Amino acid sequence: MAATSTRSVDDSEPDRSAEHSKPARDTVVRGTVVPMLVGLLIGAIFVAVFLAAFHDPKPHDLPVAVVAPPPVVAAIEAQSAAAGDAFDVRVYPSADTARQAVESHDVFGAYVAAGAPTADLLVAGANGPAVTEVLSRAFGAAAAATGTPLTVTDVVPLASGDSRGLSVFYAAFGVVLSAFLFGLTSMQAGPRLPVVWRAVSAVAFSILVSLVVAWLVQPVFGALPASFLMTATLVGLLAFAVGASTVALLKLFGPPGIFVAAVVLLVFGNATSTGILPAQFLPGWLEPLTNILPVGVTVRALRGTAYFDNDGLPTAIAVLEAWIIGAVLVYGIAVFVQSRRRGA
């Protein structure tokens, strides 16, 4: 009887260990619902932005040189206007000056029809096959309208290791992704890491990434005919700018900084990098970002140092330095404010 009585009392006792093992409701929400919503939102923004940029790309105000009599120029301008101002037609005095404009990236192509038996279209294959295709189709129609055969000449061909002209885009995308992950991991693994050690870590990471990427795109794959030192410098500045900006956003906003950094640096940055198509193929609301975000100016400078007489290099260095300085200032201010709050 005593044993039976003891069992009945024990059975009536609530299982408090089970209650303590249950996670709190707010923990469940933070651990399940919040990650789901953040991932869904970032994914939706990524798809929406990339589809808006590339689902039906058409040029607008794409600079082209024309060497031709006034009636031919007028016909080309009318054709461009009918296509929604597809081209920014610039008249050049000679085939030599037009060729120089293509080689320096002042224009994307040059149409020369100055009374010769054939018309010549000078293109830069380094701009990518899509640009060459658009120019060939448009100026092929212009030559056909005058009954003149068209000859297409590639005056700035792509490197043999980059047949589609996408290597710069993929290299830059990889650097931005790795720098974002570095910033995220740095803040999560060492949230109270001293400023000096955080700076040392960021510099070391940027140097290592710059050397590895420069080695891959040149000696390994031969995808970018630029100097190793210049490639490494631009890649290192890009890695530092994105990594430092990610750290600064996380320090400033906390966990929501992950969302801000992912959308700004990864989604909008890579969609407007011009690694797939020039800025003139982007929608008007996206095009300005190519000259503001780190990856866009870096891609242009990498392509410029490889093919187009350092086109975009000064702008890239200035913009990347501005991002680095801004990130350092934001991080420093956030540390100062948080320390004052703890002291108070």
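Up top is the structure.
To start, this report covers the structure provided alongside it. If you're wondering where the values come from, they're calculated on a predicted model, not measured in any experiment. (Residues numbered from 1 in each chain as written. Predicted model: local features only at pLDDT ≥ 70, side-chain atom pairs only at ≥ 80, totals over all residues. Heavy atoms only, no water.)

### Side note on the pattern of salt bridges
Now for step 1: Within the structure shown, the criterion is met by five salt bridges.
Now for step 2: Ionic pairing is found between Arg99 and Glu103, a salt bridge with its closest N-O pair at 3.1 Å. In this pair, Arg99 and Glu103 are both assigned in helix 5 (residues 95-103), four residues apart and thus about one turn of the helix distant. (Salt bridge = Lys/Arg side-chain N within 4 Å of Asp/Glu carboxyl O. Helix = DSSP H or I, 4+ residues; strand = E, 2+ residues; numbered from the N terminus.)

### As for unusual backbone geometry
Now for step 1: With a phi close to 55°, Asp61 is a non-glycine residue in the positive phi region.
Now for step 2: Assignment of secondary structure puts Asp61 in the loop between helix 3 (25-54) and strand 1 (62-67).
Now for step 3: Here Asp61 falls in the partly exposed class, since its relative accessible area comes to 44%.
Now for step 4: For Asp85, which is not glycine, the phi dihedral falls at a positive 55°. (Buried < 20%, exposed > 50% of the residue type's maximum accessible area, 1.4 Å probe, protein only.)

### Topic: the packing of aromatic side chains
How two aromatic rings sit relative to each other is given by the distance of their centres and the angle of their planes.
Now for step 1: Per the stated rule, a full pass over the model turns up eight aromatic pairs.
Now for step 2: A ring pair is formed by Phe169 and Phe173, whose centres lie 6.0 Å apart and whose planes are at 50°; its orientation type is tilted. Of the two residues, Phe169 and Phe173 both sit in helix 7 (residues 167-189), four residues apart, roughly one turn of that helix.
Now for step 3: For Phe173, a relative accessible area of 26% gives the class partly exposed.
Now for step 4: Every member of this aromatic cluster is reached through a ring pair, and the members are Phe46, Phe50 and Phe54. (Phe/Tyr/Trp six-rings, centres within 6.5 Å; stacked < 30°, edge-to-face > 60°.)

### Side note on helix 5
Now for step 1: Among all positions in helix 5, only Ala98, Ala101 and Val102 are buried. The buried residues of helix 5 occupy one face: seen down the axis, they fall within an arc of 100°. Exposed positions of helix 5 whose direction lies more than 90 degrees from the buried face are Asp96 and Gln100.
Now for step 2: Check the buried side of helix 5 and you find it contacts strand 1, strand 3 (109-112) and strand 4 (119-123).
Now for step 3: Positioned one or two residues after helix 5, His105 has a phi angle of 70°, which is positive. (Arc of directions from axis to C-beta. Contact = heavy atoms within 4.5 Å.)

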